[in-house]
Amino acid sequence: RSATFADDAKTARAILAGAEQALAVALGIDFRDTAARRSMGLVTAARIVVAADDTPETAALLAEGDARFSAGDFEGALAKYEAIATNASRHFTAIERAGRAHFALGRHAEAEACFRRAIVIEPNDAQAYLSLFEALSKQKKLKEMFTAAYGAVAAQPIHWPSWFRLADLLEQAKRPLTRMR
């Protein structure tokens, strides 16, 4: 399993590097420039994200947490996800899934905190914003729900569930979206 994981991580890094080089040549962008990389992240719909904290051990914990979550053992899943986040404080997937486990357990404030942490790590993940939206909804934090819905749309403008969530929220507030002419 470790050899497979290492090979997958190397392959993902190679694909990402190749994609960046091709994009840089096509658009005349210097990808050594941090601002250029961030700007392209805003307009790129699908990306490969290689977590710096991924190791065979974190992959195993994540898989075990996912299995427990699927079996309905949300406390057990949460323990696995938090074990990863304790040692790898910027592991987006573990933190986001810890938020899902808190949400499943009805701990909406804790879920909100996890989703906010995940967004800080990966601000272009529309699903993290939508998960935050749901946690805020359960807490009836309407103003913050708008911020989360707009954040989801801004993070990935072609992510249609974000638009539907925003449209529903605007409709409820009697401010429906109108078609551009």
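Above this text sits the structure in question.
These notes cover the structure that comes with them.

Calculation notes
- Counting starts from 1 at the beginning of each chain's written sequence and moves along it residue by residue.
- The model is predicted, so local features are restricted to residues of pLDDT at least 70 and side-chain atom pairs to those at 80 or more, both for listing and for counting; the totals for chains, interfaces and linings are taken over all residues.
- Excluding hydrogens and water, the side-chain figures rest on all heavy atoms present in the structure.
- Here, a salt bridge means any Lys or Arg side-chain nitrogen found within 4 Å of an Asp or Glu carboxyl oxygen.
- We call a residue buried when its accessible area falls under 20% of the maximum for its residue type, exposed when it is over 50%, and partly exposed in between, using a 1.4 Å probe and counting protein chains only.
- Helix axes are fitted only over the stretch in contact, all axes being lines through C-alpha atoms; the angle between N-to-C directions runs from 0 to 180 degrees.
- Per the convention used, a helix needs a DSSP run of H or I reaching at least four residues, while a strand needs a run of E reaching at least two, with both numbered from the N terminus.
- In these notes the angle categories are as follows: under 35 degrees is roughly parallel, over 145 is roughly antiparallel, 65 to 115 is roughly perpendicular, and the rest is oblique.
- It is the rotation of the near helix from the far one that decides the hand of a crossing: anticlockwise by less than a right angle makes it left-handed, clockwise makes it right-handed.
- Here a residue-residue contact requires only that any non-hydrogen atoms of the pair lie within 4.5 Å.
- When residue character is reported, Ala, Val, Leu, Ile, Met, Phe, Trp, Tyr, Cys and Pro are called nonpolar, Asp, Glu, Lys and Arg charged, and the others, Gly included, polar.
- Between the rings of Phe, Tyr and Trp (Trp by its six-membered ring), a pair exists once the centres lie within 6.5 Å; its type follows the angle of the planes, with under 30 degrees stacked, over 60 edge-to-face, and the other angles tilted.
- For a lysine, the NZ atom is tested; for an arginine, the CZ atom; a charge sits over a ring if that atom is within 6 Å of the ring centre and within 35 degrees of the ring normal.

Attention shifts here to the pattern of salt bridges. Taken as a whole and judged by the stated rule, the model has 10 salt bridges. Here Asp-73 and Arg-68 are joined by a salt bridge, their closest N and O atoms 3.8 Å apart. Given a relative accessible area of 32%, Asp-73 falls into the partly exposed group. Owing to a relative accessible area of 31%, Arg-68 belongs among the partly exposed residues under this scheme.

When two helices pack together, their arrangement is given by the angle between their axes and by how far apart the axes lie. Axis separation between helix 7 (residues 126-138) and helix 9 (residues 160-172) bottoms out at 10 Å; the angle between their running directions is 30°. The orientation of helix 7 with respect to helix 9, classified from their angle, is roughly parallel. Crossing handedness for the pair helix 7 and helix 9: left-handed. In this structure, helix 7 contributes Ala-126, Leu-130, Phe-133 and Glu-134 to the contact, and helix 9 contributes Pro-161, Ser-162, Arg-165 and Leu-169. Taken together, the residues of the contact of helix 7 with helix 9 sort by class into five nonpolar, one polar and two charged.

Next up on the list: the packing of aromatic side chains. To describe a pair of aromatic rings, one takes the distance between the centres and the angle between the planes. Counted by the stated rule, this structure contains three aromatic pairs. With 6.5 Å between their ring centres and 25° between their planes, Phe-146 and Tyr-150 make a pair best called stacked. Here Phe-146 pairs with Tyr-150, and both are found in helix 8 (residues 142-155), just four residues apart, close to one helical turn. Note on Phe-146: relative accessible area 11%, which makes it buried. Note on Trp-160 and Phe-164: the rings are 5.3 Å apart at their centroids and 75° apart in plane angle, and the pair reads as edge-to-face. In this pair, Trp-160 and Phe-164 are both assigned in helix 9, four residues apart and thus about one turn of the helix distant. Here the basic side chain of Arg-175 rests over the ring of Phe-146, its NZ or CZ set 5.0 Å away from the ring centre.

These figures capture arrangement, not role.
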